[in-house]
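Geometric and topological summary
Below, each chain spelled out in residue letters.
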Amino acid sequence: DVKVTQSSRYLVKRTGEKVFLECVQDMDHENMFWYRQDPGLGLRLIYFSYDVKMKEKGDIPEGYSVSREKKERFSLILESASTNQTSMYLCASSTYRDYMNTEAFFGQGTRLTVV
Amino acid sequence: ELKVEQNPLFLSMQEGKNYTIYCNYSTTSDRLYWYRQDPGRSLESLFVLLSNGAVKQEGRLMASLDTKARLSTLHITAAVHDLSATYFCAVDRGETSGSRLTFGEGTQLTVNP
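Cut-offs used in this document
- Per chain, the residues get numbers from 1 upward, laid out in the order the sequence is written.
- Each chain gets a letter, beginning with A, and each ligand a number, beginning with 1, in the order they are written.
- In keeping with the model being predicted, local features are shown solely for residues with a pLDDT of at least 70 and side-chain atom pairs are shown and tallied solely at 80 or more, while totals for entire chains, interfaces and linings include all residues.
- Excluding hydrogens and water, the side-chain values take into account all heavy atoms of the structure.
- Helix and strand labels come from DSSP, where a helix needs a run of H or I of at least four residues and a strand needs a run of E of at least two; each type is numbered from the N terminus.
- Only protein chains enter the accessibility calculation, which uses a 1.4 Å probe; a residue whose area is less than 20% of its type maximum is buried, one above 50% is exposed, and one in between is partly exposed.
- Contact definition: two residues touch when any of their heavy atoms are within 4.5 Å.
- What gets called buried area is simply the loss in accessible area from a 1.4 Å probe that two parts show on being joined, summed for both.
- When a carboxyl oxygen of Asp or Glu is within 4 Å of a side-chain nitrogen of Lys or Arg, the pair counts as a salt bridge.
- Two N or O atoms form a polar contact when they lie within 3.5 Å of each other; inside protein one atom must be a possible hydrogen donor and the other a possible acceptor, and for residues adjacent in sequence the pair counts only when both atoms belong to side chains.
- Any residue outside Ala, Val, Leu, Ile, Met, Phe, Trp, Tyr, Cys, Pro, Asp, Glu, Lys and Arg is labelled polar, Gly included; the first ten of those are nonpolar and the last four are charged.
- The disulfide criterion used throughout: a pair of cysteine sulfur atoms within 2.5 Å.
- Strand pairing follows a simple DSSP-based rule, namely that at least 2 bridges must link the two strands.
- As used here, the term nonpolar core means buried Ala, Val, Leu, Ile, Met, Phe, Trp, Tyr and Cys residues forming a set that is joined through side-chain atoms within 4.5 Å.

Residue and element names in this part refer to chain B. Within the fold, Gln14 resides in strand E2 (residues 10–14). Given a relative accessible area of 40%, Gln14 falls into the partly exposed group. Along the primary structure Gln14 and Leu65 are separated by 51 residues, whereas in three dimensions their C-alpha atoms are 26 Å apart.

Each partner contributes residues to the interface: chain B has 23 residues there, and chain A has 24 residues. Where chain B abuts chain A, roughly 1,900 Å² becomes buried across the two surfaces, and 51% of that area is made up of carbon and sulfur atoms. Across the contact surface, chain B and chain A share zero salt bridges. Linking chain B with chain A are five residue pairs in polar contact (both at pLDDT 80 or more), by the criterion used here. Those elements giving two or more residues to the side of chain B that touches chain A turn out to be strand E4 (32–37), strand E5 (43–49) and strand E10 (101–103) of chain B. Grouping the constituent residues of the side of chain B that touches chain A by class yields eight nonpolar, nine polar and six charged.

This next bit is on the state of the cysteines. Disulfide: a covalent bond formed between the sulfur atoms of two cysteine residues. Residues and elements named next belong to chain A. Throughout the structure, instances matching the rule amount to two disulfides over all chains. With its sulfur 1.9 Å from that of its partner, Cys23 forms a disulfide with Cys91. Across the S-S bond linking Cys23 and Cys91, the dihedral sits near -80°, which makes this disulfide left-handed. Placement of the pair is Cys23 in strand E3 (residues 19–25) and Cys91 in strand E9 (residues 87–94), with a sequence separation of 68 residues. When sorted by exposure, Cys23 lands in the same class as Cys91, which is buried.

This next bit is on the pairing of strand E4 (residues 31–38) of chain A. Consecutive side chains of a regular strand alternate in pointing toward one face of the sheet and then the other. All names here are of chain A. A large share of E4 lies buried, amounting to eight of its eight residues. Here E4 shows a buried face lined by Asn31, Phe33, Tyr35 and Gln37 and a second buried face lined by Met32, Trp34, Arg36 and Asp38. Strand direction decides the pairing type here: E4 and E9, joined by seven bridges, are antiparallel. In the sheet register, Tyr35 faces E9, and the bridge partner there is Leu90. Of the pairings in the sheet, the one linking E4 to strand E5 (residues 42–49) comprises seven bridges and is antiparallel in character. Within E5, the position partnered with Phe33 by the bridge is Phe48. Between the end of E4 and the start of E5, which pair antiparallel, lie three residues, with Gly40 showing a positive phi angle near 80°.

Residues and elements named next belong to chain B. Counting 25 residues, the largest nonpolar core has Leu32, Trp34, Leu74, Ile76, Tyr87 and Leu109 as the members making the most contacts within it. Going through the elements one at a time, E2, strand E3 (19–25), E4, E5, strand E7 (61–66), strand E8 (71–76), strand E9 (85–92) and strand E11 (107–112) are the ones with two or more residues in this core. If you tally residues by element for this core, the top one is E9, at four residues.

Dropping the structure here:
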């Protein structure tokens, strides 16, 4: 089974702090993604990566950055946390090598509260 | 810009009844996914639909894809309480290097005894 593991289920941080959300996958997937999920807004793509050291902005990248130094690990960084970044953050991974199995697999989510 | 719209957004149904959730999208794509999310949990992949006319079934759920109409449906047959969850469709934007998904708003399904 594909396993995507996020480092924390719940986090509480103060406004202005630098926050790191970590995600690790064990299926050798090329693609990794960070989404945030908010009530009434669904899932929105923040950043994604097709390869090591490669990153591309999604739909809502402002206030975030990412790092992918190793294939299995994709980190989301909130440079200076703000209360409007309080949300559920979901990491996902997928492969493009197998056309029949390209669905994204999701981690368990990190519920971040910024106070 | 790719837009994905689901309806209904909220669905309350009786056990044993049938119903269909609709997913419309705005630009050409031939890859569509359905996910389930239970409260407080992450998303679980249900179906992968890869071509026009694709139909997949698992238990009481059946998903189909019409790429010409830009429409996918998730049909529920003889609903049971265990199907209560939020269901998302997601459309691949079609880039060759991987599945960059745009999600619908989700349909919150409640099945009542």
